[in-house]
Amino acid sequence: MLEIQTIPVLSDNYSYVLHDTGSGKIAVVDPPETGPIEAALEAGGLGIDWIVITHHHMDHIAAVPALKEKYGCQVVGPAADQHRIPGLDLLVREGDRFQLGEAEAQVFDTPGHTTGHITYWFEDERALFCADTLFALGCGRVFEGTMEQMWESLAKLRALPDDAIVHCGHEYTLSNAHFAVTVDPDNDELMDRVAEIEELRRDGMPTVPSNLGVEKRTNPFLRPDDAGIRAQLGMAGATNAEVFGEIRTRKDNS
Ligand code: ZN
Ligand code: FE
């Protein structure tokens, strides 16, 4: 069994502590600072065996040297970004597997936010770690790749089962929700979700992780083929990548 703890870090990032209870192995996903992670580990009397990295941005890797030094752990991350992520011990890419004790993750290349961004999918545990590719009701900004690449990455994640649990890299959900309704105003499930999110955030509660089935039905960045969204954007005949690109550009300018 994989126990997963969500750890709020910095102002709006999420790291995750993974505990494979069968083997006792521990991993930390995308640590930008040590304090909150060490507090979570010490509460459980745990060490770290692996640091799991999705992409090179500092808000996901800054604590790697300090944690490596303190715990003597190993670091797994994207082969494509080895030149700009210090301390990687195991390089992975699409089709590779990462083993945490008895738990096994498949690796997907998910370029777009950065060219080397990867996503980890623990199929048996239904746990997806997609950092800044797919957010709750949103997606990452397309900094390094093309709109076509980012859409292909999101389409790859959309093909996973509805009961996948989406562990993303940021608490951006409220701002994403207010944008989502501008492109998908007739989606009743989205309206209900926005109300839920507003209530959670009013109470200072996290909206992450989320459920992939719900994302497929309410996240506009996974829905460029939806007739209602296409009508709203006046893009009935466009490709999915074009509709996605228009939605992403509108969000950037909102
Ligand atoms: Zn990032
Ligand atoms: Fe980030």
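Everything that follows concerns the structure shown earlier in this document.
Residues numbered from 1 in each chain as written. Chains lettered and ligands numbered in written order. Predicted model: local features only at pLDDT ≥ 70, side-chain atom pairs only at ≥ 80, totals over all residues. Heavy atoms only, no water.

One open sheet holds the six strands; their spatial order is E7-E8-E9-E10-E13-E14, and the pairing between them is mixed. Each edge of the open sheet is held by one strand with a lone partner, namely strand E7 (97-100) and strand E14 (210-211). One ladder, built from two bridges, connects strand E13 (residues 165-168) with E14; its direction is antiparallel. Counterpart to Ile 165 in the pairing with E14 is Asn 211. Sitting on the sheet, helix H4 (residues 147-158) touches strand E8 (103-109), strand E9 (118-122) and strand E10 (127-131), and the angle it makes with E8 is about 150 degrees. (Pairing = 2+ DSSP bridges. Helix = DSSP H or I, 4+ residues; strand = E, 2+ residues; numbered from the N terminus. Contact = heavy atoms within 4.5 Å. Axes fitted to C-alpha atoms, helices over the stretch in contact; angles between N-to-C directions.)

Counting buried residues along strand E3 (residues 25-29), four of its five residues qualify, which places the element largely inside the surrounding structure. Examined bridge by bridge, strand E2 (residues 13-20) and E3 share five bridges and lie antiparallel to one another. Directly across from Tyr 16, in E3, lies its bridge partner Val 29. Between E2 and the antiparallel strand that follows it, E3, lie four residues; Gly 24 among them carries a positive phi value of about 80 degrees. Relative to strand E4 (residues 50-52), E3 runs parallel, the two sharing three bridges. Directly across from Val 28, in E4, lies its bridge partner Ile 51. Remark: the E3/helix H1 (residues 35-43)/E4 crossover connection has right-handed handedness. (Buried < 20%, exposed > 50% of the residue type's maximum accessible area, 1.4 Å probe, protein only. Right-handed = clockwise from strand over helix to strand, strands pointing away.)

This part takes up a negative patch on the surface. On the surface, a cluster of negative charge is contributed by Asp 186, Asp 188, Asp 192, Glu 196, Glu 199 and Asp 203. With respect to the element layout, Asp 186 can be found in the loop between helix H5 (173-183) and helix H6 (188-202). Of the residues examined, Asp 186 reaches a relative accessible area of 70% and is grouped as exposed. (Patch = residues over 30% accessible without salt bridge, like charges linked within 9 Å, V, L, I, M, F, W, Y side chains within 5 Å. Areas by Shrake-Rupley, 256 points an atom, 1.4 Å probe, with all protein chains shown as cover. Salt bridge = Lys/Arg side-chain N within 4 Å of Asp/Glu carboxyl O. Lys, Arg positive; Asp, Glu negative; His and termini not counted. Charge placed at Lys NZ, Arg CZ, Asp CG, Glu CD.)

The coordination sphere of the zinc ion (ligand 1) contains the protein donors His 55 (NE2), His 57 (ND1), His 113 (NE2) and Asp 132 (OD), at a distance range of 2.2 to 2.3 Å. Here the zinc ion (ligand 1) is ringed by four donor atoms whose angles at the metal span 85 to 171 degrees, and the overall shape comes out irregular. Read in sequence order, the donor residues for the zinc ion (ligand 1) give the motif H-x1-H-x55-H-x18-D. The metal-metal distance between the zinc ion (ligand 1) and the iron ion (ligand 2) is 3.1 Å, with Asp 132 serving as a donor to both. Of the two residues, His 55 is situated in the loop between E4 and helix H2 (58-61) and Asp 132 in the loop between E10 and strand E11 (134-135); the sequence distance between them amounts to 77 residues. (Donors = N, O, S within 2.8 Å, 3.2 Å for Na, K, Ca; no water. Tetrahedral: all angles 85-135°; square planar, octahedral: opposite > 155°, others 65-115°.)

Using the criterion set out here, one finds one cavity of 30 Å³ or more in the structure. Approximately 30 Å³ is the volume found for the largest cavity. Together, Tyr 14, Tyr 16, Val 29, Asp 30, Thr 54, Phe 129, Cys 130, Ala 131, His 167, Cys 168 and Gly 169 line the largest cavity. Put simply, the parts of the chain that give the lining of the largest cavity at least two residues each are E2, E10 and E13. The element contributing the most residues to the lining of the largest cavity is E10, with three residues. The class makeup of the residues in the lining of the largest cavity is seven nonpolar, three polar and one charged. (1 Å grid on protein atoms, 1.4 Å probe; cavity = no way out; pocket = protein on both sides within 12 Å on 5 of 7 lines; lining within 4 Å. Points joined across faces, edges and corners; volume = space filled by probe spheres on them. Nonpolar A, V, L, I, M, F, W, Y, C, P; charged D, E, K, R; others polar.)

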